[in-house]
Amino acid sequence: MLLDIRFAHQGEVPAISVFDELHELGCFGPACLTLTGKLVWQEALRFPVLNPPAGWQKADEEDLLYEFLADRLQAVTANLLALATDDDSVGRLLRTSIRRWLIDQARKTALGSVRRSLEEVLTHCSAFEAVPPDEAGAGRWRLSGTTVQPWSGPPDPLVDAAYAVPNIKIPKWTSETRRAPLADRKSLEAVIRAVLSTAAGSMEVAQLVEVFIARFPVALDPRVLPLPDDAGSQITASAHASPEEIVLARDDEAGAASAAAHIVAVLSPQERGMIPYLESPGELQAHLGCGRSQAYHHRTRLKEKLQQLVGNEDGDQVRSVGSEVIRLCSEAAQTR
Amino acid sequence: MSDSGVPQRFLDLARQMRGPHALSEAGLKERFGDPAQAEIKSGQVWRARWDEVSVLVLILEVEAREVNAVPVTIDPPGEDETSVVVDGARTAFGVEATVWAGLVSCVPMRVLERVVDAWDEDIVGCAAARAQGRPAPAAAGVRQGQMIRSALEPDAETRAGLADDLEHLQHAPGLPVQESGRPPGTLASLLGDRLDLRTLCSALEMPQPEVMKLLRGKAPLPADRIGAIASATGLSAEQIARTVRPLPADLVQAIEHPRWRSVWVRRARQLEISEAQARLWGSYGAFALAARETGGGAADWDARLRQFLGGEDPTKGGA
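What you see is a predicted model, and the numbers here were worked out from it, not measured in a lab. (Residues numbered from 1 in each chain as written. Chains lettered and ligands numbered in written order. Predicted model: local features only at pLDDT ≥ 70, side-chain atom pairs only at ≥ 80, totals over all residues.)

### A word on the domain arrangement of chain A
Reasoning step 1: You can read the domains of chain A as domain 1 (10-108), domain 2 (125-170 + 179-217) and domain 3 (243-335).
Reasoning step 2: Taking only C-alpha atoms, the centre of domain 1 of chain A and the centre of domain 2 of chain A are 39 Å apart. (Domains from an automatic or database assignment.)

Encoded structure:
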C-alpha cells in the first residue's frame, strides 16, 4: 500500500513554500497539490468505511483527491487566501477541510444503507403499501388501507413522533461490521407506522430517510480512527486487547455485558478513552487537550451516541448496559 | 504529466478554481489601501489571529479597545439555526460564507490582523439581528441557517471549535492599563502565597533588598524584567506589569491597533520572543521616551511609537 499520494517524479516538485505559491499563483500549484494529496491520503486512512473493496490502489487515491478538489477547491482556496498566514496554517486549515469532507463522504455511504433498510421493511411489511400509479402521490408509501394525500411540510413533528416510539431495540453486531445498525426490524416497523400516522399522508422514501436520520443520527456517524503519531504510515491495530475482546474472553453470559461489549466495539478508540471522564468535564478537557466548548461538545455527542446505541428498552436494562459500557472502557483505560 | 510531476489534470482543475483577486495582496491593497492606515469599521470582515488560531470575524460595533463581532467561516461548510448564510456573489469570497451570529463576542482589537472584506449594510443588519436573537430581515443572497438537530452532526463540532477559537482570541494577553481612581496593587500583593523570594532573586539576578523594593512598589521595575518574573511565578506579563507601572489608556489603544501589528510580529521574530513580549517592550519604550520629554497637550502616541522604533514603517513585512 502506498503511504501517500505520490505523483510521478515527486522529487521535482519545486521546494517552494505552499503559502508563497498560493499567493503568487492565486491558485493551487504543484506544492499545494502535493501537500493536499498527502493530507487526503493520511486522513482517508482514518475512515475504514471509505476503504475500496479491493483495498486502496493508486488510482483510488488519485480519484479521491480529484473528487475532493472538484468538490471543495473553490471554497478551500478562498478560505486559505483569507485566513492562512504561513505554511503551518495552510496545513492546519487544509487538514480541517479535508477531514470534514471525508466525514461527509462517509455519511453519504451510510445514507444509502439507511434507505435500503427502510425500503426492505416497506416492501415486505403488510402494514405499508405503495400508492398505485393512478392515484395522487403514485410510488410513495402510506399505511395500508388508507387513501391519504401526499404529505409535505416540516419534518419536525414526524421526528418527534419517531422519538416517541417506545422499546426501540438495537440489534447486536460484531466489530467486523462497519456501520451500526439503525434498529431491529420490529422497531423500524413501529417507527415507520408512527411517522406515517403523524404525517397523515403518503411519503417518499427520501422523506422517510430524512426523518430516520434525524431520529437515529448515529446511523450516519462514521467510525474514525485516530491519526497515528507518524501521520501517513499504515495504521495498525492496537497491541492491547480491545474492551470487546476482554469481555468476550470472559465468556460472560449476562445480556447486559454482551450488549455493552457490542456497543463498545462500535465506539472509536477516542470515544472509548473519553468514557471514564464523561462525568468530569474538566478532566475530559485535559484528556482531549482541547478547549472548553469542544470538550463539552464531545461529551454531549458521546452521550447522545451511547443513548442511541443502548436504545430505549426497559429502563433497568438500559442502565445495566450503560454501567457495563463505562466499566469496560474504564478497565481498558487502566490497562494502558 | 507536468514538469513538476503533478498530473496535468490536477493543475488544470486548480487553475479553473483560482481564488478571487480581491483576496490577493494586490486586491486587498486596491480595496483597503495601506494596512498601516487601516481603520476599523462596522461591516468589515477581518482576519483575527493569536498564536495558531485564525478566525474571520464580521465587525458589528467598534469600541475603544475591542470590537463586537461574529465569526465567519468559508470552509468547511457549516451552519446552525442562529447563523445566516451569505451567497458568494455578495462577498469577495466568491463562495458561500456562514456568519455564526449566535457566537457573537467581544474580540480585543489587538488580535485583528488584516481586513479582507467589507459587507453591505443589509448583510450586517441580518447578522446583527440574529446576534440579538431577532429574526433576520430579508436581504438578497442571504438565508437563515439550518438547525443542528444532533450533537452527532459535523456542524456541531465546527461550532464548538469556533467557540473555543473565539475564547482563545479573547484571552490574548493585553497591556496593563491605568485605571482612573484605582492605584495599582503591589507585586507582593499580586503574588500572595506564590511568593518565593529566593526563586525571584535568582530569576531577576538581583540582591534580596532590591527585590523587596520591587515587591513593595518602592522601586520601578525595568520593562525587560517583567518577562523574567512572569516565567518565575507563572503569572502573565500583563498582570505583573499592571502592578508596577500601568500604561496610559491612549497609548494602549494606539499600540493595540492592528496598524502596528506587523511591527510586533516582525520584532518578535527578530528577537525570538513572543508577540506579546514584543508589544510590551515597544509600549514601555515609547512610554519611557515620552516621560523623558517635556511638553503639554495630549501625546501623539503613534508619533512616539514611530520615534521610539527609529522611524520603522509598520507596513514593512509582517502580515
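### Some details on the nonpolar core
Reasoning step 1: With 140 residues, the main nonpolar core has I263(A), V57(B), L58(B), V70(B), V99(B) and A127(B) as its most contacted residues.
Reasoning step 2: Per-element tally for this core: the top contributor is helix 4 (residues 87-124) of chain A, with 13 residues. (Core = buried A, V, L, I, M, F, W, Y, C linked by C-beta atoms within 7 Å. Buried ≥ 20, exposed ≤ 12 C-beta atoms within 10 Å, placed from the backbone. Helix = DSSP H or I, 4+ residues; strand = E, 2+ residues; numbered from the N terminus.)

### Here's the deal with the packing of helix 3 (residues 58-83) of chain A against helix 4 of chain A
Helix packing geometry: the angle between the two helix axes and the distance between the axes.
Residues and elements named next belong to chain A.
Reasoning step 1: Helix 4 packs onto helix 3 with a crossing angle of 145° between their chain directions and a minimal axis gap of 10 Å. Where helix 3 crosses over helix 4, the two elements pack in a sense that is right-handed. Every residue of helix 4 that contacts helix 3 at F68, D71, R72, V76, N79, L80 and L83 is listed here: V90, L93, L94, S97, I98 and W101.
Reasoning step 2: Classifying every residue of the contact of helix 3 with helix 4 by side-chain character gives 9 nonpolar, 2 polar and 2 charged. (Axes fitted to C-alpha atoms, helices over the stretch in contact; angles between N-to-C directions. Left-handed = near helix turned anticlockwise from the far one by under 90°. Contact = placed C-beta atoms within 7 Å. Nonpolar A, V, L, I, M, F, W, Y, C, P; charged D, E, K, R; others polar.)

### Looking at the interface of chain B and chain A
Reasoning step 1: Tallying the contact residues gives 45 residues for chain B and 51 residues for chain A.
Reasoning step 2: Contributions of two or more residues to the side of chain B that touches chain A are made by helix 1 (8-16), strand 1 (44-50), strand 2 (53-62) and helix 4 (154-170) of chain B.
Reasoning step 3: Here the residues of the side of chain B that touches chain A sort into 22 nonpolar, 10 polar and 13 charged.

### Here we look at the domain arrangement of chain B
Many structure descriptions define interface size as the accessible area lost when the parts assemble.
Residue and element names in this part refer to chain B.
Reasoning step 1: Its domain assignment divides chain B into domain 1 (8-170) and domain 2 (187-308).
Reasoning step 2: Counting residues at the interface gives 10 residues for domain 1 and 8 residues for domain 2.
Reasoning step 3: In terms of residue class, the side of domain 1 that touches domain 2 is built from 6 nonpolar, 1 polar and 3 charged.

### Digging into the confidence of the model for chain A
Residues and elements named next belong to chain A.
Reasoning step 1: Chain-level statistics for chain A give a pLDDT mean of 82 and a share of 80% at 70 or above.
Reasoning step 2: Per-element averaging of pLDDT across chain A places helix 8 (residues 243-249) at the bottom with 40 and strand 2 (residues 141-143) at the top with 97.
Reasoning step 3: Contacts for the low-pLDDT stretch residues 1-6, under 50 throughout, to residues beyond four places or in other chains number 19 contacts.
Reasoning step 4: Counting contacts from residues 230-253, a segment whose pLDDT is below 50, to residues more than four positions away or on other chains yields 33 contacts. (pLDDT = per-residue confidence, 0-100.)

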